[in-house]
Amino acid sequence: MEGLIYKKQNFYDIASEKEIKDAENFAGEYMQFLDKAKTEREACREAVILAEQAGFKQFDFGQKLKKGDKRYFLNHNKEIILFKIGSNNLEEAGMKIIGAHIDSPRLDLKPNPVFEEGGMCYFKTHYYGGIRKYQYLTSPLSLHGAVVKANGEKFEFVIGENQDDPIFYISDLLPHLSQGQEEQKLREVFSGEQLNLVVGGKTSKKQKEQKLKNNVLEILKSRFGMSDADFMSSEISAVPMHKAREVGFDRAFIAGYGHDDKSCAYPALRAILESKSDETVMVWLVDKEEIGSEGNTGAQSKLFEDLIDEICDNFNASPRKVRRNSKCLSADVTSAYDPNYSTVFDKTNVAQVSCGTCIMKYDGAKGKSDSNDASAELMGELRKAMEEAGVLWQTGELGRVDLGGGGTISKFIAKLNIDTIDIGVPVISMHAPYELISKADLYSTYKAFKAFFK
Ligand code: MN
Ligand code: MN
C-alpha cells in the first residue's frame, strides 16, 4: 500500500496465478465444511474430526499439560476451544487467540410446535437471531434436531439435506391478494407467529380427531420413537437447505447459508490446525453470538476465562499477566458495500468485496456504543503484521452512522483485559438464508489468521 493517497486494491488485480489458485482450492474446502456444519453442534462435530486428524486430543479440567501439547475442549457439544501450548514463556508472551462464532440465524421449533389447519399440518417456530422474516417465506428448509426422550435417551437427525429428502416450507401471500399488505409498514407485515412450517398433509386412518397431526406424529413415532411431548426436550432448527454454490460466470463468489460466521470460523480452525508457531495459540469457536452471547456456550460464559486459568495453572503463570499480554482477533463478518443499497453505507468507510479481509477498529451503534473500539497501537501492530505477510486487507464500518449497527464477541473478550480487535470477511446480504462472499476475501482472512499465528 504505497503512495500518498490510500486506495483499496482488488485481489484479482494484484494476486499471482498461484495465489488465485490457492484461493480457489481453499474456497472448495470451505464449501464442503459449510454444507456439513449448518448448526453449532454440526460445526463442533466437524471441528473435532479435523482436530483429531491433525493430532489434537480432547482436554478436560484437571489434566496435565506440557509444552507442545495440542488439545481441544468441547463444551456441551456446542462450543469448542482448541489450543496449542507454545515453547516460549507463557507469562511474558501471552496467548494469541482467534474467536469466531458457529451459530447462525435460523428458525427454532417452539416447545409445543405441532398443529393442523386448512388441510395442512404445521410446526410453529420462534426465530433465532436477527432475520428479515420475509426471506424465509417460500424458501426450502431442512430440519436439524437433537431430541431427548422421556427415558433420557438422546438422538439427532437431519431431514431435508439429501436430494431425495422432503423439505419444509413456509407460505407467502399471493400478489393478487396483497393490496392491503402493501399499504402496511414492513415491520408490521410479517409476524413471527406466521412463520409456521408445512410438515404434512395426509390423514391418519387410526384416529377420528386431529388426523393430520396424528399422521405426522405416527411417522415420527415409527421413525425415531419420539412422541409429541418429546418436542419439549428438544432443539430442532429449520435452516436453509441450500448447499454452498459458486456464483458468477467467473465463479468469483460463494453463496451459502451461515457465512456469518463460518467464513471466519473455518479459516481460524484451519490456521490453528496448520500452526507451527512456538507461541501458545488458541481458537475459540463459540455458540449463541446471534442471540447476545448468552448461556453457558456463549462468549459471556465463564468457560473461556476458566480455561485460560487452567492452562496458566499448569505452567505456574499468573493468569492476570497472561491475559494482559495476550492478543485476540475477534473474527466475525462485516457488511460489504452493496450497489443495490448504496445509501446505507459510507462509501469511503465500508468494505468492498474482493479487497481483502476487513479489520475493524470498532463496531457498535449510536456513537460506538456497545463497541470494543480497539487501540491505535493494536491496529498499528496488526497492520504491520499484515503488510509484512503480504495479506490483502482493508478497513470498514458496518454502515452509515446512526442507521443501525451490530456487535460481536470482541467486547466480552476485551473485558478480560485481552487486547482485542475485530476482523472478518465482508458479506453481501448478511443474515439472509443465502449470503454472498468473495473467495478472495475468504482466502485473505485465512492468510491473515495464518500470519497472526506465525
Ligand atoms: Mn457474526
Ligand atoms: Mn450475525
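To start, this report covers the structure provided alongside it. In this text, all values refer to a predicted model and were calculated from it rather than measured experimentally.

1. Considering unusual backbone geometry
Cis geometry is found at the peptide bond from Asp-260 to Asp-261, where omega equals 15°. Tracing the backbone shows Asp-261 in helix H8 (residues 259-273). Despite not being glycine, His-431 has its phi angle at roughly 75°, a positive value. Relative to the assigned elements, His-431 resides in the loop between strand E21 (426-427) and strand E22 (435-438). What makes His-431 buried here is its relative accessible area of 17%.

2. Here we look at the nonpolar core
In this structure, Leu-82, Ile-98, Leu-285 and Phe-449 are the most contacted members of the largest nonpolar core, which totals 62 residues. Beyond its immediate sequence surroundings of up to four residues, Phe-449 is in contact with Ile-98, Cys-264, Pro-267, Ala-268, Ala-271, Leu-329, Ala-331 and Ile-423. Of all hydrophobic cores here, the second largest spans 32 residues; its members include Phe-123, Val-216, Phe-224 and Val-239.

3. Digging into the side chain of Ser-371
Topologically, Ser-371 is positioned in the loop between strand E17 (364-365) and helix H11 (376-388). Looking at Ser-371, its side chain comes within polar contact range of the main-chain nitrogen of Asp-373, at 3.2 Å. With residues near it in sequence (within four places) discarded, Ser-371 still touches Tyr-362, Asp-363 and Gly-364.

4. Quick word on the packing of aromatic side chains
Applying the stated criterion to the full structure yields 18 aromatic pairs. With centroids separated by 4.9 Å and ring planes inclined at 40°, the aromatic side chains of Phe-61 and Phe-73 adopt a geometry described as tilted. Of the two residues, Phe-61 is situated in the loop between strand E1 (57-58) and strand E2 (70-75) and Phe-73 in strand E2; the sequence distance between them amounts to twelve residues. Since its relative accessible area comes to 36%, Phe-61 is described here as partly exposed.

5. A short note on the environment of Leu-195
In this fold, Leu-195 is placed in the loop between helix H6 (186-189) and strand E9 (197-200). The class of Leu-195 is buried, set by a relative accessible area of 2%. Spatially, the C-alpha atoms of Leu-195 and Phe-123 are 8.8 Å apart, while their sequence positions differ by 72 residues. Once residues within four sequence positions are removed from consideration, Leu-195 is found in contact with Leu-107, Phe-123, Thr-125, Tyr-127, Ile-131, Lys-133, Leu-137 and Ile-170.

6. Description of the coordination of the manganese ion (ligand 2)
The protein atoms that coordinate the manganese ion (ligand 2) are Asp-260 (OD), Glu-290 (OE), Glu-290 (OE) and His-431 (NE2), at distances of 2.1 to 2.6 Å. In the primary structure, the donors to the manganese ion (ligand 2) are separated according to the pattern D-x29-E-x140-H. Separating the manganese ion (ligand 2) from the manganese ion (ligand 1) is a gap of 3.3 Å, bridged by Asp-260, which donates to each. Of this pair, Asp-260 sits in helix H8 while Glu-290 is found in the loop between strand E13 (280-286) and helix H9 (303-314), placing the two residues 30 residues apart along the sequence. We classify Glu-290 as buried; its relative accessible area is 12%.

7. Focus: the environment of Lys-276
Here Lys-276 lies in the loop between H8 and E13. On the basis of relative accessibility, which here comes to 79%, the residue Lys-276 falls in the exposed class. Taking the C-alpha atoms as reference points, Lys-276 and Phe-453, 177 residues apart in sequence, are found 8.0 Å from one another.

8. Considerations on the state of the cysteines
Within this structure, the stated rule accounts for zero disulfides. Left without a disulfide partner, Cys-44 is nearest to the cysteine sulfur of Cys-264, which lies 17 Å away. Here Cys-44 falls in the buried class, since its relative accessible area comes to 2%. No disulfide involves Cys-264; its sulfur sits 10 Å from that of Cys-358, the nearest cysteine. Among the residues examined, Cys-264 registers a relative accessible area of 0% and is labelled buried.

9. Overview of H9
Helix length check: H9 (twelve residues) gives 17 Å between terminal C-alpha atoms against 16 Å at 1.5 Å per residue, within 8%. Taken together, the buried positions of H9 are occupied by Leu-303, Phe-304, Leu-307, Ile-308, Glu-310, Ile-311, Cys-312 and Asn-314. Looking one or two residues beyond H9, the residue adopting positive phi is Asn-316, at roughly 50°.

10. Things to note about the sheet that holds E22
With antiparallel pairing, three strands are arranged side by side in an open sheet as E11-E12-E22. Edge positions in the sheet fall to strand E11 (245-247) and E22, since each has one partner strand and no second. On average, adjacent strands in this sheet sit at an angle of 35° to one another, irrespective of strand direction. Summarising the sheet, E11 and strand E12 (residues 253-256) pair through three bridges and their orientation is antiparallel. When the bridges of E12 are listed, Val-247 appears paired with Phe-253. Most of the contacts of H8 go to E22, to which it runs at about 35°, and overall it touches E12 and E22. Set on the sheet, helix H13 (residues 439-452) makes contact with E11, E12 and E22; between it and E22 the angle comes to about 65°.

11. Looking at the packing of H8 against H13
A packed helix pair is summarised by two numbers, namely the angle formed by the two axes and the spacing between the axes. Between H8 and H13, the shortest axis-to-axis distance is 9 Å and the interhelical angle comes to 40°. By the angle between their axes, H8 is oblique relative to H13. For the element pair H8 and H13, the recorded crossing hand is right-handed. For the pair H8 and H13, contact is made by Ser-263, Cys-264, Pro-267, Ala-268, Arg-270 and Ala-271 and by Leu-442, Thr-445, Tyr-446, Phe-449 and Lys-450, respectively. Its residues assigned to classes, the contact of H8 with H13 shows seven nonpolar, two polar and two charged.

12. Quick look at the coordination of the manganese ion (ligand 1)
Ideal geometry at a metal centre gives angles of 109.5 degrees when four donors are arranged tetrahedrally and 90 or 180 degrees when six donors are arranged octahedrally. Around the manganese ion (ligand 1), the donor atoms from the protein are His-101 (NE2), Asp-260 (OD), Asp-332 (OD) and Asp-332 (OD), and they sit 2.1 to 2.5 Å away. Here the donor residues of the manganese ion (ligand 1) share one chain and are spaced in sequence as H-x158-D-x71-D.

13. Describing the pattern of salt bridges
Going through the model one piece at a time under the given rule, you end up with 31 salt bridges. Ionic pairing is found between Glu-29 and Arg-270, a salt bridge with its closest N-O pair at 2.6 Å. Here Glu-29, found in helix H2 (residues 17-36), pairs with Arg-270, found in helix H8; they are 241 residues apart in sequence, far enough to count as distant. By relative accessible area, which is 15% here, Arg-270 ends up buried. Through salt bridges with shared partners, a single ionic network connects Glu-24, Glu-246, Arg-251 and Lys-439.

Here is what the cut-offs are and how they apply
- Position numbers for residues start from 1 in each chain and track the written sequence from start to end.
- Key to labels: chains lettered from A, ligands numbered from 1, both in the order written.
- Confidence filtering applies because this is a predicted model: local features only for residues at pLDDT of at least 70, side-chain atom pairs given and counted only at 80 or more, and all residues used for totals across whole chains, interfaces and linings.
- Heavy atoms throughout the structure, all of them, feed into the side-chain values; hydrogens and water do not.
- We count a stretch as a helix when DSSP gives it H or I for four or more residues in a row; a strand needs E for two or more, and each element gets its number in order from the N terminus.
- The rule is simple: take the accessible area with a 1.4 Å probe, protein chains only, and divide by the maximum for that residue type; under 20% is buried, over 50% is exposed, in between is partly exposed.
- In this description, a nonpolar core means a group of buried Ala, Val, Leu, Ile, Met, Phe, Trp, Tyr and Cys residues linked to one another through side-chain atoms lying within 4.5 Å.
- Pairs of residues are marked as contacts when any of their non-hydrogen atoms sit within 4.5 Å.
- Whenever a nitrogen or oxygen atom comes within 3.5 Å of another N or O atom, the pair is scored as a polar contact, on the condition that within protein one atom can donate a hydrogen and the other can accept it, and that pairs from neighbouring residues in sequence are kept only if both atoms are in side chains.
- Only Phe, Tyr and Trp rings take part, Trp by its six-membered ring, and two of them pair if their centres are within 6.5 Å. Stacked means planes under 30 degrees apart, edge-to-face means over 60, and tilted covers everything else.
- Counted as donors are the N, O and S atoms within 2.8 Å of the metal, or 3.2 Å for Na, K and Ca, while water is not among the atoms, so some sites may look incomplete.
- By disulfide we mean two sulfur atoms from cysteines, separated by a distance within 2.5 Å.
- What a helix should span is 1.5 Å times the count of its residues minus one.
- In this description, strands pair whenever DSSP reports at least two bridges between them.
- An axis is simply a line fitted to the C-alpha atoms; with a helix, the fit covers only the stretch in contact. Between two such axes, the angle follows the N-to-C directions and lies from 0 to 180 degrees.
- Roughly parallel means an angle under 35 degrees; roughly antiparallel, over 145; roughly perpendicular, 65 to 115; everything else is oblique.
- By the definition used in this description, the sense in which the near helix is turned from the far one sets the handedness, with an anticlockwise turn below a right angle giving left-handed and a clockwise turn giving right-handed.
- The classification used treats Ala, Val, Leu, Ile, Met, Phe, Trp, Tyr, Cys and Pro as nonpolar, Asp, Glu, Lys and Arg as charged, and all other residues, Gly among them, as polar.
- Salt bridge, as applied in this entry: a Lys or Arg side-chain nitrogen positioned within 4 Å of an Asp or Glu carboxyl oxygen.

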